[in-house]
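Close look at the chain arrangement
As a plain string of letters, each chain reads:
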Amino acid sequence: MAKSSILDRYKNQILILAVLLTPLACYGAIKAIANNRNDVSDWLPKSYPETVELRWFRKHFAADQFILVSWDGAELGEAHDGTQDDPRIQKLADALLEVKLPEKAGGGQAFTTVTTARSVLKQLMSPPQSLTRKQATERLAGGLIGANGKQTVVMATLSPEASANLKYSVSKPKAGLGLKKWPTSPLYQALDKVGLDRETIRLGGPPIDNVSIDDEGEKTLLRLAGLAGLLGISLAYWSLRNVWMTALVFMCGIISAAVSLAMVPLLGHRMDAILMSMPALIYVLAVSGAVHIINYYRQACMEQGNLDHAIEHAVVHAWRPAILCAVTSGIGLASLLTSDILPIAKFGGFSALGNFTMLIVLFMVLPAAMKKWPWTPPELKAMQAGKAVQKHDDEPEFGAAGWTRFGNFIRRHHALVLGASMATIVVLCAGLPRITTSIDLLKLFSDDARLLADYRWFENNLGRIVPMELVVRFPRETQFEAAPDNLAPGQKVNRHTFFERMKLVERIEKSIERKLGKDGDDLIGATMSAATFAPDLGGDESGVGAATYRGVVNKRLLASRKDLEESGFLRVEGPDAGERAGDELWRISVRVAAFHDINHGELVTRMRNAVNPVLTARTASVDALEGLSQRRHGQPNGAKVVALRLPEAKGATDDVVAFINTKNVVAQSAAVNLEALSDEQIRKNLAPFDGVILTGGYGAHDYERLRSAEIPILASFESAAKAVEHDVRAEHGAAGVDVVFTGVIPVVYKAQHALLESLISSTWWSFMTITPLMMFVCRGFAAGAVVMVPNTLPVLVVFGGMGWLGIPVDIGSMMAASIALGVAVDDTIHFLAWYKDDLKNLGDRAEATLCSYRRSANATLQAGLINGLGLSVFATSSFTPTQRFGWLMLTILVAGIVAELIMLPSIMFGPIGRVFDLKKRKSRPATEPIDVRGRVDSVLSPLDRRRALREHGASLKV
């Protein structure tokens, strides 16, 4: 009596354990999906300066967590024609302040503040601002009020609890993926209470962006689950022609996908839109692996002529190639862990983990089920009945004979084929330096997405709404009120009164508007700061009258300081800031165009270029005042200075003159080309002044001529600009005024840089870890390196082609490279396994290459197309990164088929192929070729063919 196998003894226990664990896996999968959460600010590691600064900003202001709500007809009334405000505006504002979060999200207040244009207009038109209606409307134009002066918006700031639970606070009502209907969020409760139609309202703001990404991720999962399931069932039935086995394959795929999803919350992580694609990927790989094992089972049945231990033999035959393929695929996925973009790293890590847990399902649950409920393949039934095995109508006729002819063609023209391949590769790879990266939040969505329609409406009817935040920091050492009483006037020149601090913030804001607004690059819309809520500052002139005016306004501003802090644009660092305690933080909020052709990196650069001249002017004025103090025994008041500029540099001196005038020093500007003046003219024209300030454009010779004329050079923009740049590089220097650029846009800018670095890094690590494995398979250093060439080049060629076509690399594109490299080498592993045995038995490299090529080409073509088509379901996603991932995987895998079937054999037929020769060849007695065409088991497994070669040392007639 035959000894029972492990499967015989434990199949029931394995199946019972699977039945018990499957509901838990499904529960974990549902929990993972329910906890889907996306926040672009979380894309980068928490240690990155950009994410640190964004957390710091939200701690003090929490002002980028706002939503905008508007609709057609949300208009302000006019007093002169008797029209009234749309009553729903105020009703919605009141309702938003009343609604609460559900208990599972804390049950607290959902919105801390709600701002309407009418409330801000009243504030601006009341003392101390006392602006006219026209002036107040102009300050709010493009922000809270549209270009027509009537269209308006309701802006609501989320509470910290609501910001942490966006799905519960602002998401659109939906059925949900679990058993319970998703509760109506406070935002939609307020909209329903006011009677606003959900389909006609317009929503915007960072929280809306994030929940829209949540929705797209869930749509992607549902769509991919349906398409991948249908494709998997179709491929399984096409391969197996049996309903029960198809259902078994389908269940293996579902269990593998569910387990991969359940691992996410089990390991303490959240799902995101990118990770939503992971279960479909695992499902496709599991279906493919299950079909392979069942085919091994069919071949074992044919070899034995019965079902006894057929599944055990199948597992023994399948485990080595399956593990090798899983390892290479896992390496490709795990290489994504090197990415600094967290969604990509999570996708790679959990997909690699799912890829290996899938093997447990395939090598335990599937064999146990087949042992419990054996399946008799149709060819075994035919053999047992003494009938010939019939070939299916859809089996390709272009089999061994066709591939032999094609292989012989490559063999005869291997140099030409390899040369043409290399020429094509060189041309396409030349596009690699032209690769650009893009992470544009709005480009994550398809063109017909509701979010994009709402953003277009906002830009057409209201203004730009994508926020970027700047924070101007005034250390205590720069605050006039914090100066000790015993300081002399000359020691206070680097300190600014409250009025002067607000004036500097206003200058920065105006510089941004001038250079990036509608009269400049037209990249931004409205800007807002504490100066928006203050009276007209003025006070740039010199003289007693201007000094008196500045003093009066300064006292009024200090008296209304609390109101300015409540506006959300002014904060003071608390004791927990350590050495920074007492520093003032002045916020400038800039609204950026949602639809523009400039990348975020260039946008941030232009923003810095607009801010730095103001900081340079401030630094130059402080340098000049300190120089005057030294020359005038600590009393700069009453001195006269001139700021020189080249005639073509218009406006270059305006800020520095204004800064110096506020210190009761008479300053003026002059357009002077020193090269056109004699030494005597320079001395005569500049002698009445106590010193000069040089703006940009003057050379070393000009400096020397001024010194020769004994004209004091108090400051220069050149040295001031270097000091500002030094403060930036030193992470906001100790005593200087600095500006922090924060918000989502700088994070996205950093992510764009990290994306290209991650693409290179992950592909490199994938290559460096798979190559040693291939060297092990090839049993040779050189052979392993050579065989990686046709596996690596498809990735380089496709990305080089993207560079030539100007297609930017996004998150989905970046993920495709490493994964495709890991999947592509699977076919090479099978080919090399054939080649090694054929070379041992045939003794001739060319003959062995042709023999292995003939037997593996069909499988390579089918596997590549099945994997490519299986992953191409991702191209149907409405989430752009997932869609790009699907198209690129299909393209790279098809390119891999071409490389595997054309380039690899041309290498092995040529002189380079000598690296694949055996070190020691075994001699075997010559025998006649074996004719297997008439045998019943002509559908031979790789193991059967290798056995025939080893036993007979001959080629096979097919």
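Residues numbered from 1 in each chain as written. Predicted model: local features only at pLDDT ≥ 70, side-chain atom pairs only at ≥ 80, totals over all residues. Heavy atoms only, no water.

1. Remarks on a positive patch on the surface
Counted only if it meets this: To count toward a patch, a residue needs a relative accessible area above 30% and no salt bridge. Like charges then connect within 9 Å, nonpolar side chains (Val, Leu, Ile, Met, Phe, Trp, Tyr) within 5 Å. Computed with a 1.4 Å probe, the accessible areas rest on the Shrake-Rupley method; for each residue, only the protein chains presented here act as cover. We define a salt bridge as a side-chain nitrogen of Lys or Arg found within 4 Å of a carboxyl oxygen belonging to Asp or Glu. Two residue types count as positive, namely Lys and Arg, and two as negative, namely Asp and Glu; His and chain ends fall outside the count. Note on charges: their place is set at NZ of Lys, CZ of Arg, CG of Asp or CD of Glu. Only DSSP runs of H or I reaching four residues or more are called helices, and only runs of E reaching two or more are called strands; each is numbered from the N terminus. Burial classification: accessible surface area is computed with a 1.4 Å probe over protein chains only, and a residue below 20% of its type maximum counts as buried, one above 50% as exposed, and the rest as partly exposed.
The grouping of Arg320, Arg779, Lys836 and Lys840 at the surface amounts to a positive patch. Structurally, Lys836 is set in helix H29 (residues 811-842). Classification of Lys836 by relative accessible area gives partly exposed; the value is 33%.

2. Concerning helix H11 (residues 278-304)
Selection criterion: For a helix, the expected span equals 1.5 Å multiplied by the number of residues minus one.
Here H11 spans 39 Å end to end across 27 residues, near enough to the 39 Å set by a 1.5 Å rise per residue. By the criterion of burial, H11 is predominantly enclosed, with 23 of the 27 residues buried. After H11 finishes, the residue Gly305 shows a positive phi value of roughly 85°.

3. A closer look at the sheet that holds strand E10 (residues 666-671)
As a reminder, the rule being used: For two strands to be treated as a pair, DSSP must find at least two bridges joining them. A fitted line through C-alpha atoms represents every axis, and for helices the fit uses only the stretch in contact; the resulting angles, taken between N-to-C directions, go from 0 to 180 degrees. Any pair of residues with heavy atoms lying within 4.5 Å of one another is described as a contacting pair.
With parallel pairing, the four strands of this open sheet are ordered in space as E10-E9-E11-E12. Among the strands making up the open sheet, the edge pair consists of E10 and strand E12 (713-716). Neighbour to neighbour, the strand axes of the sheet diverge by 25° on average, direction disregarded. Lying on the sheet, helix H24 (residues 700-708) is in contact with strand E11 (691-694) and E12; it crosses E12 at an angle near 165°.

4. What about the nonpolar core?
Keep this limit in mind: Take the buried residues of types Ala, Val, Leu, Ile, Met, Phe, Trp, Tyr and Cys, join any two whose side-chain atoms come within 4.5 Å, and each joined set is a nonpolar core.
If you look at the biggest cluster of nonpolar residues, it comprises 221 residues, and the most contacted ones within it are Leu92, Phe111, Leu187, Phe347, Met502, Ile508 and Phe799. No other element matches the 17 residues that H11 contributes to this core. Other than its neighbours up to four places away in sequence, Phe111 contacts Ile67, Leu96, Leu97, Val99, Ala156, Thr157, Leu158, Ser159, Ser169, Val170, Pro186 and Leu187. Counting residues in hydrophobic clusters, the runner-up holds 37 residues, among them Ile331, Ala783, Ile897 and Phe916.

5. A short note on the confidence of the model for the protein chain
When pLDDT drops low, the exact placement of atoms in the prediction is not to be read closely. Short version of the rule: The predictor's confidence in any single residue is recorded as pLDDT, a number from 0 to 100.
Looking at the protein chain as a whole, the pLDDT averages 81, with 88% of positions reaching at least 70. Averaged over each element, pLDDT in the protein chain is lowest for strand E15 (residues 956-957) (40) and highest for helix H3 (residues 87-98) (94).

6. Some words on the packing of helix H4 (residues 117-125) against helix H5 (residues 133-140)
Using the following cut-off: Reported orientations rely on four angle classes, namely roughly parallel under 35 degrees, roughly antiparallel over 145, roughly perpendicular from 65 to 115, and oblique for the rest. Take the far helix as the reference: if the near one is turned anticlockwise from it by less than a right angle, the crossing is left-handed, and if turned clockwise, right-handed. Classification used: nonpolar for Ala, Val, Leu, Ile, Met, Phe, Trp, Tyr, Cys and Pro, charged for Asp, Glu, Lys and Arg, polar for all others including Gly.
Two elements in contact, H4 and H5, have axes separated by 9 Å at closest approach and are oriented at 130°. Taken together, the axes of H4 and H5 lie oblique to each other. Pair H4 / H5 crosses with right-handed handedness. From H4, Ala117, Arg118, Val120, Leu121, Leu124 and Met125 reach across to H5, where they touch Arg133, Ala136, Thr137, Arg139 and Leu140. Grouping the constituent residues of the contact of H4 with H5 by class yields seven nonpolar, one polar and three charged.

7. Some remarks on the packing of aromatic side chains
The following threshold applies: The pairing test for Phe, Tyr and Trp rings, Trp by its six-membered ring, is centres within 6.5 Å, and the orientation test on the planes gives stacked under 30 degrees, edge-to-face over 60, and tilted for anything in between.
In this structure the tally under the stated criterion is 10 aromatic pairs. For the pair Trp244 and Trp373, a centre-to-centre distance of 6.0 Å together with 85° between the ring planes defines the contact as edge-to-face. Of the two residues, Trp244 is situated in helix H10 (residues 243-266) and Trp373 in the loop between helix H13 (342-372) and helix H14 (378-384); the sequence distance between them amounts to 129 residues. With a relative accessible area of 44%, Trp373 lands in the partly exposed category. When the centroid spacing of 6.3 Å and the interplanar angle of 75° are considered together, the rings of Phe474 and Trp586 count as edge-to-face. Highlighted residues: Phe474 in strand E5 (residues 466-474) and Trp586 in strand E8 (residues 584-592), separated in sequence by 112 residues.

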